Every structure is written in structure tokens, then in C-alpha cells.
Amino acid sequence: MLPPSPGGPAAGTPRRGMESPPECRQESPALTEAAAEFLRLIGPEELERCLFAETLEVVAAGDQPRDRAGGQRWVAARWAPYERAGEPVRSCLLVQAGTRSRQDGVPRSSTLKAYVTPQLETLEQEEQERLEVRAHPVERRTHMVSHQHGMTVTKTLREGEAEPQCQSFSYGRAEMWGLLPEGASLLLLRVLACRQAVPSGLIFPAIDTEGHLCTSSYRALGIQRQAVGSVEAEVFVIERATHTSTGISTVWHSSFLPSGHLARLVQVGCPMLVLLQDESILGKTGGVEPPPPFPKQPLDWEEDIQLCSWFLDRKEELQASHATYIQQHPELRVLLADFLQALLLQQPCDPVSFAAQFFARQQPPRTPFASTVAASPPPCHPPANGE
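Residues numbered from 1 in each chain as written. Predicted model: local features only at pLDDT ≥ 70, side-chain atom pairs only at ≥ 80, totals over all residues. Heavy atoms only, no water.

*Asks:* Give a detailed account of the overall build of the protein, specifying residues and quantitative values.
*Replies:* Broken down by element type, the protein carries 7 helices and 14 strands. With 387 residues in all, the protein has 41% of them scored as buried. Within the protein, contacts between residues separated by at least 24 positions form 53% of all contacts whose residues are at least 6 apart in sequence. Of the accessible surface of the protein, which amounts to about 21400 Å², a share of 55% is contributed by carbon and sulfur atoms. (Helix = DSSP H or I, 4+ residues; strand = E, 2+ residues; numbered from the N terminus. Buried < 20%, exposed > 50% of the residue type's maximum accessible area, 1.4 Å probe, protein only. Contact = heavy atoms within 4.5 Å. Areas by Shrake-Rupley, 256 points an atom, 1.4 Å probe, with all protein chains shown as cover.)

Dropping the structure here:
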């Protein structure tokens, strides 16, 4: 069994010969009244408390050898622009997560990136998981995007050097009402943790690892005391479970500090768990500050059309601003020429101190090099008489 990933339940053995049905027709899970009311009552202040980054350690559970696990899990949420062709830019919440670990000596990594509205509606989400099996790596990717007709989910599987296999599902907008995929679920859990309460009957439609509709339920397990590093702290435990149409359920127990930071994550039946080891988080009861930065992710901005466009626009804006300022202040050229001339003539051993004295004595220049003699400090060469 794979360890808990930020992209949802642990995936099982990949299936071969995946087909691409044009549309998935199955009974839609219903959004409960309690869940709909909860979404309506989430305020902007609550969401602001959920915008932080955190890093936890992946360790072996129970009596499993610790060296067979090991790794890190990070989760971050922040405001970010979301833009699609032909649509205006929207301000939404960007949720990112990642896990790196080893299971039975096999490196495994998974990532999640989701754009979510303040109403926890998912605009777009992509999950990726990779198993570095020797000479036969396995990569799974799930991409979902909402549109005016509903949502399309595309699953891609690549095994070794074989051609990727794709499978797509389409759902109507009515079926997507209240849908809570993994990215939105991470935000929901933080909101519940900050409230220290879970309403009864909190059930949302969700999408399982096979791309099918299912339900996701949440309930409180109460306040418990758990270890955080070398100390104990009170945590609020929330149970999240996904229930598929085949009757198979996957259950997680998440323990949260009052600040909303995750202290412990366990997938029931999984040989690994996620633990918070940074004790400094315990002192953060007010405004939430990010812990030490999570592992740096590569950012190839030159390949990102939007980021590259922002960079070029900003570069041109700064160049124009700098040129305008220099044109409005021609004395800058005189001042810089005056200083450079004095520096080259005196050749002081400490150019920084020389510059400080030079500009401290400098008067507004009238002609080029007019103040060089008056502003130049004595050279640092020792006098000939030894005084």
C-alpha cells in the first residue's frame, strides 16, 4: 500500500488497456444540506487564517523500520491570479502540496496544484504521482478542469517507456454542485481546524482515484494529546473518509493545532504517517506565520507564458522610468563623472569610506569636476617623514 499522498487516496496497481469513454454516467452523490450551509458561511477572515505553508516529516508507523520510510510532505495555500484563454483574470486560492518518501526502498513523489475560489469551487486541479521503480518507472497524472458545461477529468498512466494511456470522464454542472476535490478539501480541513468543530452530516461529492464520483465525509474525533517533536500538545482530530460506489472506503485521521497547522496525518491501514517535528509552531496561537520554507520547487518562468509576459512588461516599465528620471536630472551625469574622476586621481585604499566623505562634502555641482579638489579626502599613503 502506498503512503498517504497530497493528491488523495493511495493508488492501487495500475490497470492496462485503459479506454476513453466520452462521458461517465453514474448516480451523482448529493450535497447534504449541512455541507451546503457550511460553504455559504465560510468568510474571508477564515480563509486568510488558512493561507500559510507547512512542512512535515514522513515516517514509518508502528513497528515498521524507520529507514524504509523517511521523507517530507509540504502544503501551501495563498492568493493567486487564475487566467484562461478568453476569460478575465480571477483572484482565487492556489493550493499546492507535495510528498517525497521511500517505500520498501522505492523512491516515490507526488504533487498537487489546485486553483480554488473563495467558495471552495475548484476551477482546475492537477495531481501527479511517480514511482521510481528500477528500469520501469510508473507515472500517474489526473487533471480536472471546470467549464461552462461542467467538469472534465483526464487520467494519464505511463509505465516505463511505453506510450501513455489516457482515460477521460465528463460530468455535467448539476453533478458538480458542492464538489470537493483534494485541493479544496485541504482548505476545508484547515477551516474546520481553526473552528475546532465539525458540523454533523458534513458530506460532499468528490472524485476518487479512478476518476469516478464518490462522497467524502468529515466528522470530529475530539480533542486529544499527541507528541509534537519532544513535547505533547492538544490537537483537534478530524476524520475524513471517501466512500465509493463499490463500497470501498478510505479513511484519514488528521490532527490539527489550534492555529490550523497539521500535527499528524494517518491513513488507516497505511504503513506510514506524517508528523510535525517543528516545536516552534506550538507558540503560534495568533496570526499564523509560515514555518521554515518547504523544499524549493523548480520554476521555469521562461517557459511560462504568463510569467514571462509579466517579466517583460515590468522590465520595460522600469527601463522607461529610469530613463525619464535621468532625463529630468542631468546633474546626475555631472555628479557621477566628478566622483569617478576624484576616485581615479586619488586611488584610495578604501573606496567606500572615500565615497562617504566625498558625497558628505559635495555641493550641488555647477560645472564638471568643480568640486573634486574640495571634496577629495587625503590619500591613504603614509607621509614620508613617518609622522
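*Asks:* Pulling in residues and values, what's your account of the pattern of salt bridges?
*Replies:* Enumeration over the complete set of coordinates arrives at 13 salt bridges. Linking Glu-132 and Arg-130 is a salt bridge whose minimum nitrogen-to-oxygen distance equals 2.5 Å. With a relative accessible area of 36%, Glu-132 lands in the partly exposed category. Classification of Arg-130 by relative accessible area gives partly exposed; the value is 26%. (Salt bridge = Lys/Arg side-chain N within 4 Å of Asp/Glu carboxyl O.)

*Asks:* Please set out the nonpolar core residue by residue, giving values where relevant.
*Replies:* Leu-120, Leu-187, Leu-188, Leu-192, Leu-202, Phe-204 and Tyr-218 are the most contacted members of the largest nonpolar core, which totals 50 residues. Other than its neighbours up to four places away in sequence, Leu-192 contacts Phe-38, Ala-197, Val-198, Pro-199, Leu-202, Tyr-218, Phe-236 and Ile-238. Val-153, Phe-169, Tyr-171 and Leu-213 belong to the second largest nonpolar core, which has 9 residues in total. (Core = buried A, V, L, I, M, F, W, Y, C linked by side-chain atoms within 4.5 Å.)

*Asks:* Please give an account of the pairing of strand 7 (residues 150–159) that cites residues and values.
*Replies:* In terms of strand pairing, strand 6 (residues 138–147) meets strand 7 through 10 bridges, oriented antiparallel. Paired with Val-145 across the strands is Thr-152, a residue of strand 7. Hairpin connection of strand 6 to strand 7: 2 residues between the antiparallel strands. Relative to strand 8 (residues 165–172), strand 7 is paired through 8 bridges, and the arrangement is antiparallel. Bridging across to strand 8, Thr-152 finds its partner in Ser-170. Hairpin connection, strand 7 to strand 8: the antiparallel pair is bridged by 5 residues, and Gly-160 has positive phi, about 60°. (Pairing = 2+ DSSP bridges.)

*Asks:* Lay out the packing of helix 5 (residues 331–346) against helix 6 (residues 351–361) in plain terms, naming residues and giving numbers.
*Replies:* Look at helix 5 against helix 6: their axes get within 11 Å of each other, and the N-to-C directions meet at 130°. In terms of their interaxial angle, helix 5 and helix 6 are classed as oblique. In this structure, helix 5 meets helix 6 at a crossing whose hand is right-handed. In this structure, helix 5 uses Leu-335, Asp-338, Phe-339, Ala-342, Leu-343 and Gln-346 to contact helix 6, whose residues at the interface are Pro-351, Phe-354, Ala-355, Phe-358 and Phe-359. Along the lines of polarity and charge, the residues of the contact of helix 5 with helix 6 split into 9 nonpolar, 1 polar and 1 charged. (Axes fitted to C-alpha atoms, helices over the stretch in contact; angles between N-to-C directions. Parallel < 35°, antiparallel > 145°, perpendicular 65-115°, else oblique. Left-handed = near helix turned anticlockwise from the far one by under 90°. Nonpolar A, V, L, I, M, F, W, Y, C, P; charged D, E, K, R; others polar.)

*Asks:* An account of the environment of Gln-224 is requested, with residue identities and associated values reported.
*Replies:* If you trace the backbone, Gln-224 turns up in strand 10 (residues 213–228). Considered as a pair, Gln-224 and Val-237 are 13 residues apart in the sequence and their alpha carbons are 7.1 Å apart. The contact partners of Gln-224, leaving out residues within four places of it in the chain, are Ala-233, Glu-234, Val-235 and Val-237. Among the polar contacts made by the side chain of Gln-224, one reaches the side chain of Gln-226 at a distance of 3.4 Å. (Polar contact = N/O pair within 3.5 Å; in protein donor to acceptor, adjacent residues only side chain to side chain.)

Interpretation in functional terms is not warranted from these geometric data alone.
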